[in-house]
Amino acid sequence: MNTKIWLSSPHMGNNEFNNIKEAFDTNWIAPLGPHVDGFERDLANFLGEGVSVAALSSGTAALHLGLIMLGVQAGDEVICQSMTFSASANPIAYQGATPVFVDSEERTWNMSPDLLETAIQDRLRKGRKPKAIIVVHLYGMPAEMDQIMDIANRFDIPVVEDAAEALGSSYKGQMLGTFGAMSILSFNGNKIITTSGGGALVSKNEAWIKQSRFLATQARDAAPHYQHSHIGYNYRMSNICAAIGRGQMEVLPERVQQRRANYTFYKEAFADLAAIQFPDEPNADYYSNRWLSTVLINDKKGFSREDIRLALESENIESRPLWKPMHLQPVFANAPFYGDGTSERLFEKGLCLPSGSNMTDEERARVAARIKACFKEVAV
Ligand SMILES: Cc1ncc(COP(=O)(O)O)c(C=O)c1O
């Protein structure tokens with residue numbers, strides 16, 4: 001059997017292990033410590049725009065605290081991009097609120113500004129002003145932030161950017177994760193950088209970040225005994241995970257280049273296959289970290305993305321369909337949805353190709369050869 005090629009596997013640099021050893025040597029083995037503080041500083045410096053950062057146990061936890069900071073409560077509605085991973089929407093339900101899903105547009109595959117406006121107007125007509133808008137930068141591609149921020153500001157609804165997949169991407173030269181009232185990052189094992197598991201909440205509002213750190217540490221009031229006047233959470237990042245994160249921050253720019261090189265490789269490899277379409281950046285305003293290289297399979301002979309996925313699987317190569325939209329998920333069957341079929345089409349045709357920054361030339365060639373062979377098999 002050929003060796004496994006993963007969709008997106010962890011890729012350590014030179015210093016992660018030294019940082020962990022240092023944490024052991026100094027006995028900072030807890031969900032606080034110098035690496036947690038340092039990782040927060042590293043992220044804030046990288047993102048710029050004067051943001052503050054709370055390092056947390058996951059991106060999902062970050063989104064949950066973000067919604068709490070925005071006052072989302074039981075009975076509220078929160079608008080959320082439909083085409084995304086379930087973790088973008090689950091924290092809405094944790095708060096007892098209802099997600100209102102909005103479809104994507106074709107250029108970036110992210111939230112359609114037109115449908116966002118339609119959704120807001122319809123919810124207002126029903127007397128239900130949404131409490132927040134969760135916009136996702138899928139696979140690292142920036143959403144249409146100018147239009148989305150303009151609509152959100154006009155209706156006075158805060159935006160939460162789900163930048164879990166988009167660390168290192170930018171829009172008009174500004175880092176993603178710095179546009180919304182709040183944003184979240186993920187350092188899960190498959191992300192562009194990882195802490196094994198972890199996330200961060202980002203905001204220019206330092207008071208929110210401080211309050212998030214407090215809630216994430218079981219909401220312990222200042223007292224010698226255990227005193228609580230808020231419901232707390234155990235959501236803080238471990239100093240060991242942050243030690244990995246600090247090493248990963250040193251190599252983040254390199255990881256972005258390596259992931260972007262994967263995309264360029266696939267694009268060149270399949271240049272003569274009209275059935276494979278690539279989601280290019282619409283123009284120079286959009287800069288994607290290319291967390292995952294994705295394609296649409298538009299074969300007229302009825303050859304599907306599933307055929308390609310299975311062909312790759314038969315050679316021990318992992319690929320995945322695009323995210324299945326939330327409005328198609330049984331768990332959200334009753335949630336309102338404003339759409340025009342775009343995310344359904346994307347889901348039907350889209351495939352994520354192996355995209356690790358640690359892929360070798362030989363591995364990329366193996367992926368390309370297997371896909372090209374599929375089309376040859378169909379042609380005969
Ligand atoms: C779009 C999106 N949002 C949220 C998350 C949740 O992040 P985490 O796994 O760190 O909780 C992920 C990834 O897992 C994601 O891809």
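Structure's up top.
(A) Seen up close, the overall build of the protein chain. Of the regular secondary structure elements, the protein chain holds 11 helices and 15 strands. Relative to the globule expectation of 21 Å for 380 residues, the C-alpha radius of gyration of the protein chain, 21 Å, shows essentially globular dimensions. A principal-axis box enclosing the C-alpha atoms of the protein chain has dimensions of 75 × 60 × 35 Å. A total of 380 residues make up the protein chain; the buried ones form 57% of that total. If the 37 positive side-chain charges of the protein chain are averaged to one point and the 44 negative ones to another, these points end up 2 Å apart.

(B) A look at the site of the ligand. Taken together, 16 residues surround the ligand, and among them Thr60, Asp162, Glu165, Ser186 and Lys191 come closest. Gly59 places a main-chain nitrogen or oxygen 2.7 Å from an oxygen atom of the ligand. Here an oxygen atom of the ligand sits 3.4 Å away from a polar atom, N or O, in the main chain of Gly198. Here the ligand has 380 Å² of accessible area as a free molecule, and 94% of this is covered by the chains. Class assignment of the residues belonging to the shell around the ligand gives a composition of 5 nonpolar, 8 polar and 3 charged.

(C) A look at the pattern of salt bridges. Applying the stated rule across the entire model yields 24 salt bridges. For the salt bridge of Arg255 with Glu254, the shortest nitrogen-to-oxygen distance reads 3.8 Å. In the salt-bridge network here, residues are joined through shared partners; they are Arg305, Glu306, Arg309 and Glu313.

(D) Focus on the packing of helix α3 (residues 59-69) against helix α7 (residues 206-216). It is at 10 Å that the axes of α3 and α7 come closest, and there the two elements cross at 120°. Between α3 and α7, the angle falls in the class oblique. Both α3 and α7 take part in a crossing whose hand is right-handed. Counted together, Leu65, Ile68 and Met69 of α3 and Trp208, Gln211, Ser212, Leu215 and Ala216 of α7 form the full contact between these two elements. Classifying every residue of the contact of α3 with α7 gives 6 nonpolar, 2 polar and no charged.

(E) Focus on the packing of aromatic side chains. In this structure the tally under the stated criterion is 14 aromatic pairs. Relative to Phe278, the ring of Phe270 lies with its centre 6.5 Å away and its plane at 25°, an arrangement referred to as stacked. Taking NZ or CZ as reference, Lys4 lies 4.7 Å from the ring centre of Trp6, over its face. Taking NZ or CZ as reference, Arg305 lies 5.1 Å from the ring centre of Phe347, over its face.

(F) Expanded view of the side chain of Asp122. By secondary structure assignment, the location of Asp122 is in helix α5 (residues 113-125). A polar contact of 2.7 Å, which involves the side chain of Asp122, links it to the side chain of Lys126.

(G) Structural context of the pairing of strand β2 (residues 77-81). In terms of burial, β2 is a largely internal element, 5 of the 5 residues being buried. Here β2 shows no split at all, with Glu77, Ile79 and Gln81 on one side and Val78 and Cys80 on the other all buried. Pairing of β2 with strand β3 (residues 98-102) involves 5 bridges; the strand directions are parallel. By the bridge assignment, Glu77 is partnered in β3 with Thr98.

(H) Local environment of the side chain of Ser186. By secondary structure assignment, the location of Ser186 is in strand β8 (residues 182-186). A relative accessible area of 11% means that Ser186 is categorised as buried. Within the structure, Ser186 has its side chain in polar contact with the backbone nitrogen of Asn188 (distance 3.2 Å). Ignoring anything within four residues of it in the chain, the contact list for Ser186 reads Gly59, Ala164, Lys191, Ile193, Gly198 and Gly199.

(I) Region of interest: the sheet that holds strand β6 (residues 170-171). The strand order β7-β6-β11 describes an open sheet built from 3 strands, whose pairing is antiparallel. Edge positions in the sheet fall to β7 (174-175) and β11 (286-287), since each has one partner strand and no second. In terms of strand pairing, β6 meets β11 through 2 bridges, oriented antiparallel. Along β11, the bridge assignment pairs Tyr171 with Tyr286.

(J) Geometry of the environment of Gly339. Among the secondary structure elements, Gly339 is positioned in the loop between β14 (337-338) and α10 (342-349). Sequence spacing of Gly339 and Phe101 is 238 residues, and the spatial spacing of their C-alpha atoms is 8.2 Å. Not counting chain neighbours up to four residues away, the residues in contact with Gly339 comprise Asp103 and Leu115.

Criteria and cut-off values
Residues numbered from 1 in each chain as written. Predicted model: local features only at pLDDT ≥ 70, side-chain atom pairs only at ≥ 80, totals over all residues. Heavy atoms only, no water. Helix = DSSP H or I, 4+ residues; strand = E, 2+ residues; numbered from the N terminus. Rg over C-alpha atoms; globule rule 2.2 N^0.38 Å. Buried < 20%, exposed > 50% of the residue type's maximum accessible area, 1.4 Å probe, protein only. Lys, Arg positive; Asp, Glu negative; His and termini not counted. Charge placed at Lys NZ, Arg CZ, Asp CG, Glu CD. Near = heavy atom within 4 Å. Polar contact = N/O pair within 3.5 Å; in protein donor to acceptor, adjacent residues only side chain to side chain. Areas by Shrake-Rupley, 256 points an atom, 1.4 Å probe, with all protein chains shown as cover. Nonpolar A, V, L, I, M, F, W, Y, C, P; charged D, E, K, R; others polar. Salt bridge = Lys/Arg side-chain N within 4 Å of Asp/Glu carboxyl O. Axes fitted to C-alpha atoms, helices over the stretch in contact; angles between N-to-C directions. Parallel < 35°, antiparallel > 145°, perpendicular 65-115°, else oblique. Left-handed = near helix turned anticlockwise from the far one by under 90°. Contact = heavy atoms within 4.5 Å. Phe/Tyr/Trp six-rings, centres within 6.5 Å; stacked < 30°, edge-to-face > 60°. Lys NZ or Arg CZ within 6 Å of the ring centre and 35° of its normal. Pairing = 2+ DSSP bridges.

Without other data, these values stay purely geometric and don't point to any function.
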